[in-house]
Amino acid sequence: MNLRRLAALCRKESYQIVRDPSSILIAFILPVALLFILGYAVNLDSAHIRLGLLREDGGGAAQRLAATLYATPALDVQPLRSRPEMEEKLAHGKIRGAVVIREGFSRDWIAGRGAVQLLTDGAEPNTANFVAAYVQGAWLRWQQAEGDERAHPITPAIDIRQRFWFNPSAESPNFLVPGTIAIVMTIVGALLSSLVVAREWERGTMEALLATPVSRAELLLSKILPYYALGIAAMLLCLIVAVFVMRVPFRGPLWLLWLMSSLFLANALGMGLFLSTVMRTQFDAAQAALTAGYLPALMLSGFVFEISSMPAPLQWLTRILPARYFASTLQTLFQAGVIPSLLWFNAASLILLGAFWLGQTVRKTRRTLD
């Protein structure tokens, strides 16, 4: 390998990057746009859930229970006038649940019995579970307050004190944004490198390169190194936006983030370069990169959908996806810091998969026009 020749090829590729607006768009504009779109649009928190309240009883206990529901921060309580109105709003999705305080509730409560009816929209099971949990919490707070008022406090049989490790505020963006970065870097790495060799074939400059004494290793390295630097710059930009704009805490060391990002970029760039070598047209290579990179990474990386909840065949399929290991790594570095056993496993998996993609690219790259 001639280092001088390699440096000249890298310089030539760098000039090509600067002169090509699409490379700058993919490396710097696309990551930020996707980070904001996915980071803010995908949210698993259920705050301000619309809850209907039908109060058929006018007694003091019913009024105090209604006040407790209104005071619950996570619930947006809307008063209802009748059962037909409640059914109509539930059917049209205007409310996600409804609490019915039946007539005679206050009298029954004084007599030592009493119950309310909770109806939830089961079309969205996750939201329905949130509604039930919030209403149950309000019900328990109201019972406690009523017991204090009567000088007969109600002591629960079990005292539950929650503590959230790694994500004390229990905010889903702290988990989703690192996974979003993995998706973004998959798109950036695969798209950037999927265009480079195909562009040479389309513009007719590949023939000129093959007529020179450039070796196969020099040709491939000249296509990888500049885009690796561009990918690391995109990763740094994502980190700055996540930490300083989206307020997601980062607890791991920067050198480890750089190392794991480098291993992942070897996979993404290797896959994109392989597709570019095989397709030989920019349009086909870009479409293949999005199909093979973005969709599997979005659906099967664990970014949104829990891998352990997937069918067994899909769980095995996720083992060959680099995004799975990179998303897990970023979520660990952002939320927990350093967990050596997990990070070593992810690093080893990325090394094996990267060697596969780069090996396939080397195998498909020939110094011939065939």
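Source: prediction; values computed, not measured.

J.: Pulling in residues and values, what's your account of the UniProt feature "transmembrane region" (unreviewed entry) in the protein?
T.: In this structure's numbering, the residues bearing the UniProt feature "transmembrane region" (unreviewed entry) are residues 21–42, 175–198, 225–248, 254–276, 288–312 and 332–358. Across residues 21–42 one finds 95% helix and 0% strand; the C-alpha atoms that close the span lie 29 Å apart. Secondary structure across residues 332–358 divides into 85% helix and 0% strand, with the first and last C-alpha atoms of the span separated by 27 Å.

J.: Which residues make up the packing of aromatic side chains, and what values do they have?
T.: Summed over the entire model, instances satisfying the criterion amount to eleven aromatic pairs. When the centroid spacing of 4.3 Å and the interplanar angle of 5 degrees are considered together, the rings of Phe-264 and Phe-326 count as stacked. With Phe-264 in helix α11 (residues 254–279) and Phe-326 in helix α14 (residues 322–335), this residue pair connects regions lying 62 residues apart in the sequence. Across this residue pair, the class does not change: Phe-264 and Phe-326 are buried. One aromatic cluster is present, formed by Phe-105, Trp-109, Trp-139 and Trp-142 through successive ring pairs. For the cation-ring pair, Arg-319 lies above Trp-316, with the distance from its terminal atom to the ring centre recorded as 4.3 Å.

J.: Lay out the sheet that holds strand β1 (residues 49–55) in plain terms, naming residues and giving numbers.
T.: As summarised here, the arrangement of the four strands in space is β2-β1-β3-β4, forming an open sheet in which the pairing is mixed. Every other strand in the sheet has two partners, leaving β2 (75–80) and β4 (117–120) as the edge strands with one partner each. Averaged over neighbouring strand pairs, the angle between their axes works out to 25 degrees when direction is ignored. The sheet contact formed by β1 and β2 spans six bridges and is parallel. Counterpart to Leu-51 in the pairing with β2 is Val-77. Contacting β1, β2 and β3 (97–101), helix α3 (residues 60–70) crosses the sheet at an angle of about 170 degrees to β1.

Parameters and conventions
Throughout this document, residue positions are counted from 1 along each chain, in the order its sequence is written. For this predicted model, a pLDDT threshold of at least 70 governs which residues receive local features, and a threshold of 80 or more governs which side-chain atom pairs are given and counted, while totals over whole chains, interfaces and linings are taken from all residues. By convention in this description, side-chain values take in all heavy atoms of the structure and omit both hydrogens and water. UniProt positions are given in the numbering used here, feature names are shortened, and annotations may be inferred rather than shown by experiment. Secondary structure counts use DSSP, requiring at least four H or I residues in a row for a helix and at least two E residues in a row for a strand, with both numbered from the N terminus. Stacked, tilted and edge-to-face are the three classes assigned to paired rings of Phe, Tyr and Trp, where Trp is represented by its six-membered ring and a pair needs centres within 6.5 Å; plane angles under 30 degrees give stacked, over 60 edge-to-face, the rest tilted. Only protein chains enter the calculation, and the probe is 1.4 Å; a residue is then buried if its accessible area is under 20% of its type maximum, exposed if over 50%, and partly exposed in between. Geometrically, a lysine NZ or arginine CZ counts as sitting over a ring once it is within 6 Å of the ring centre and also within 35 degrees of the ring normal. Here the rule is simple: two strands pair whenever DSSP picks up at least two bridges between them. Axes here refer to lines fitted to C-alpha atoms; in helices the fit is confined to the stretch in contact. Angles between the N-to-C directions go from 0 to 180 degrees. Here, two residues are considered to be in contact whenever any of their heavy atoms come within 4.5 Å of each other.

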